[in-house]
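Residue-level structural notes
What follows is each chain in one-letter form.
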Amino acid sequence: MAAMVKDGILNCSDDEEENFSDDGDWGDWKADDNGVGVGEEEEDDGFESDFVCLFCDSHYVSCDLLFEHCRMSHGFDFHGIRNELKLDFYASFKLINYIRSQVAENKSWSWGIVLETVDSKDVKFPWDEEKYLKPFWQEDSLLYSFADDEDEEDELLDREELMEDLKKLGDISIDDEAVGESSVSNNDKCSLNGSKDVTQLSNCNGLKQSCADDLTVNGKDAGTDVSVPRVCDGRLVGRNIRKANENYFGSYSSFGIHKEMLSDKVRTEAYRDAILKNPTLLCGSVVMDVGCGTGILSLFAAKAGASRVIAVEASEKMAKVATKIAKDNSVFHDNEHNGVLEVAHSMVEELEKSIKIQPHSVDVLVSEWMGYCLLYESMLTSVLYARDRWLKPGGAILPDTATMFAAGFGKGATSLPFWEDVYGFDMSSIGKEILEDTARISVVDVIEERDLVTQPALLQTFDLATMKPDEVDFTATAMLEPNESEAKTSLCHGVVLWFDTGFTDRFCKENPTVLSTSPYTPPTHWAQTVLTFKEPISVAPATLLSGDDRTGAIGTEECPASSIHLRVSVARAPEHRSIDVSLEATGVSSKGLKRRWPVQIFNL
């Protein structure tokens, strides 16, 4: 749903983009003021693009476009970081010069490298030195423009305002004694929307509780890291959620994202076939499209003969775009148009404020809600809300199933082979450093089938027609067995996760279909999610190890594991619309002996 990440940095290769749009005609697609136009020439006004990316050589005509590119393509959210670390103008000025200097020294440097050392509690940041007040580039336009249009009152929480909020609190719980305990008192629990009587503020605490015996979080021992006090106030939490929602929905205002999604043939054609090739389901039905974007799924529904199509879109810009597209295609409905498609600018949870609609009046609920690792962005909870509030009893939800899979990957899926031979020179030290970083940061990348060293294993299945919202958070186990076709020992460097969504014959009776993001099928814009072990695990088929009397630590070359048992937990993270994934691996020898590695936690 955005660009892809590789080695901690977001990327989208030309080859992959060509794969998505071989047959599409995007020659006349123009990025507007909010779009990203890397590499495009300004033909009309001849304006020179003089804002250069912090991490690559891309040029932009405004700071906003540059920072949007940095966020989407390099995982660096400048405004979010300023807000989180409370950086004033001079600290932000230093930060830009610091990044320029680091990238100049090492082209493969990324913000992820310093994330583990940067903490909002720290008195001193790596860029605090006075030397970073001197422009690293003498004519860096970004240094003199990044704060031109910002609203300091909105972007940075005022200290006096915070103190006033704290004084007004009736009941605050500050917990600095144990990781995993709730930071909310039992008598006055805090919910994400500011109301009370909700038992969990963050399910991530549950992750830490369940594996605190041997837990590493970003390289730190969670069992001993008890120095972080936690403060809970419904108004402050609600403010953070509103900000996260604004950033999330605002990110979908970029046409580049929608081009990428529409160009993803696997994605778009699966939805097209499910809607257009099941006429008994769609013809004459009332359809709701949650998170409509450009409105492509709503247009399919209108074409399939739906009697009413309600396209719900929280981004103000994209709601206007969807309205214009519906009018251009003669399917829009209002007092002046006789079509069937109406666009509601609203979050689905607040839909009744925007349009007239009766509860349980929708026949078909459709949404493309999936994020990286299936659950990133936490949009599924909104879809389930729409299901419970608007869908008729027995109504259809598309897709109606979602399944997560896991497999082990080998050296070929890492950057190690590249760095081992760079024009005949050994630069493997860089590859090893990058691999260490990815053991702390999840990576989204396209993994090829040939780089898998184990067979795939089913991790979790969701029935979207019946599941409860709290089932979004789960813990599951799976067993990875080495590929029998390769009678040799291999190093498993980590786990790759992917998902399939099903439009099953429960609702799509004429033409059931599957949307797969598997390494065994053509790549999609979701790619796969890569979780790297801190140390690789040596594996070999049980048939190769049978009868062997090997000694040594299980999972080493001397004593390869015949299988890897995984315990994976996924939970919504404290940061709204993010998820935490915990990974625990246990190597099992051919004789049944076991070796357990420390739990790792990755944040998406």
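The protein is annotated in an unreviewed UniProt entry as type I protein arginine methyltransferase of Arabis nemorensis. Taken directly from UniProt, the Subcellular location (unreviewed entry) text for the protein runs: "Cytoplasm, Cytosol".

1. Quick look at the overall build of the protein
Regarding its fold elements, the protein presents 18 helices and 26 strands. In the protein, of all internal contacts separated by at least 6 residues, the share reaching a separation of at least 24 is 71%. A total accessible area of about 29000 Å² is found for the protein, and carbon and sulfur atoms account for 48% of it.

2. Observations regarding the packing of helix H10 (residues 255–263) against helix H11 (residues 265–276)
Axis separation between H10 and H11 bottoms out at 5 Å; the angle between their running directions is 70°. With respect to each other, H10 and H11 are oriented roughly perpendicular. Touching Met 261, Leu 262 and Ser 263 of H10 are Lys 265, Arg 267 and Thr 268, all from H11. In terms of residue class, the contact of H10 with H11 is made up of two nonpolar, two polar and two charged.

3. Here's the deal with the nonpolar core
One finds Met 288, Trp 369, Leu 374, Leu 375, Leu 380, Phe 462 and Leu 566 to be the most contacted residues of the largest nonpolar core, which totals 98 residues. Mapped onto the domain boundaries, this core takes at least three residues apiece from domain 2 (249–368) and domain 3 (401–603). Other than its neighbours up to four places away in sequence, Phe 462 contacts Leu 374, Leu 375, Asp 400, Thr 401, Ala 402, Met 404, Met 467, Glu 471, Val 472 and Phe 474. Judged by nonpolar contacts, the second largest core, of 31 residues, contains Ile 81, Phe 93, Trp 109 and Leu 143.

4. Looking at the pairing of strand S14 (residues 362–366)
With four of its five residues buried, S14 lies for the most part within the structure. With three bridges connecting them, strand S9 (residues 286–290) and S14 associate as parallel partners. Paired with Val 287 across the strands is Val 364, a residue of S14. Pairing of S14 with strand S15 (residues 391–398), which is carried by four bridges, proceeds in the parallel orientation. In the strand pairing of S15, Val 366 is matched with Leu 398.

5. Quick word on the environment of Arg 595
As for its position among the elements, Arg 595 is in strand S25 (residues 594–596). Given a relative accessible area of 24%, Arg 595 falls into the partly exposed group. In sequence terms Arg 595 and Ile 564 are 31 residues apart; their C-alpha atoms lie 9.6 Å from each other. Beyond its immediate sequence surroundings of up to four residues, Arg 595 is in contact with Glu 535, Ala 553, Ile 554, Thr 556, Ala 585, Thr 586 and Gly 587. In this structure the side chain of Arg 595 is engaged in a polar contact, spanning 2.9 Å, whose partner is the backbone oxygen of Ile 554.

6. Things to note about the packing of aromatic side chains
Evaluation of the coordinates by the stated rule reveals 16 aromatic pairs. Here Phe 55 and Phe 76 contribute two aromatic rings whose centre-to-centre distance is 5.5 Å and whose plane-to-plane angle is 65°, an arrangement assigned as edge-to-face. Linking Phe 55 in the loop between strand S3 (51–52) and strand S4 (59–60) with Phe 76 in the loop between helix H2 (63–74) and helix H3 (78–85), this pair joins segments that are 21 residues apart in sequence. Exposure remark for Phe 55: the relative accessible area of 11% places this residue in the buried category. Judged by its relative accessible area of 0%, Phe 76 falls in the buried class. The interplanar angle of 50° and the centroid separation of 5.9 Å between the aromatic rings of Tyr 98 and Trp 127 together place this pair among those described as tilted. Here Tyr 98, found in helix H4 (residues 89–105), pairs with Trp 127, found in the loop between helix H5 (112–115) and helix H6 (152–155); they are 29 residues apart in sequence, far enough to count as distant. What makes Tyr 98 buried here is its relative accessible area of 6%. Ring pairs connect the aromatic residues Phe 55, Phe 67, Phe 76, Phe 78, Phe 89, Phe 93 and Phe 146, which therefore count as one cluster. Just above the ring of Trp 137 sits the side chain of Arg 100; from NZ or CZ to the centre is 4.1 Å. The ring centre of Trp 390 lies 5.2 Å from the NZ or CZ of Arg 389, which sits over that ring.

7. What about the sheet that holds S15?
With parallel pairing, five strands are arranged side by side in an open sheet as S13-S10-S9-S14-S15. Looking at strand neighbours, the two that pair on one side only are strand S13 (341–345) and S15, the edges of this open sheet. Adjacent strand axes in the sheet meet at a mean angle of 25°, parallel and antiparallel pairs treated alike. Relative to the sheet, helix H13 (residues 296–303) contacts S9, strand S10 (308–313), S13 and S14, its axis offset from that of S10 by approximately 180°.

8. Examining the pairing of S10
Counting buried positions over the six residues of S10 gives five, a clear majority of the element. By the bridge criterion, five bridges tie S9 to S10 in an arrangement that is parallel. Its bridge partner being in S10, Val 290 is matched across the sheet by Val 312. In this fold, the crossover linking S9 to S10 by way of H13 has right-handed handedness. In this sheet, S13 lies alongside S10 in parallel orientation, the contact comprising five bridges. Note that in S13 the partner of Val 309 across the bridge is Leu 341.

What counts, and where the lines are drawn
Residues numbered from 1 in each chain as written. Predicted model: local features only at pLDDT ≥ 70, side-chain atom pairs only at ≥ 80, totals over all residues. Heavy atoms only, no water. UniProt positions renumbered as here; feature names shortened; annotations may be inferred. Helix = DSSP H or I, 4+ residues; strand = E, 2+ residues; numbered from the N terminus. Contact = heavy atoms within 4.5 Å. Areas by Shrake-Rupley, 256 points an atom, 1.4 Å probe, with all protein chains shown as cover. Axes fitted to C-alpha atoms, helices over the stretch in contact; angles between N-to-C directions. Parallel < 35°, antiparallel > 145°, perpendicular 65-115°, else oblique. Nonpolar A, V, L, I, M, F, W, Y, C, P; charged D, E, K, R; others polar. Core = buried A, V, L, I, M, F, W, Y, C linked by side-chain atoms within 4.5 Å. Buried < 20%, exposed > 50% of the residue type's maximum accessible area, 1.4 Å probe, protein only. Domains from an automatic or database assignment. Pairing = 2+ DSSP bridges. Polar contact = N/O pair within 3.5 Å; in protein donor to acceptor, adjacent residues only side chain to side chain. Phe/Tyr/Trp six-rings, centres within 6.5 Å; stacked < 30°, edge-to-face > 60°. Lys NZ or Arg CZ within 6 Å of the ring centre and 35° of its normal. Right-handed = clockwise from strand over helix to strand, strands pointing away.

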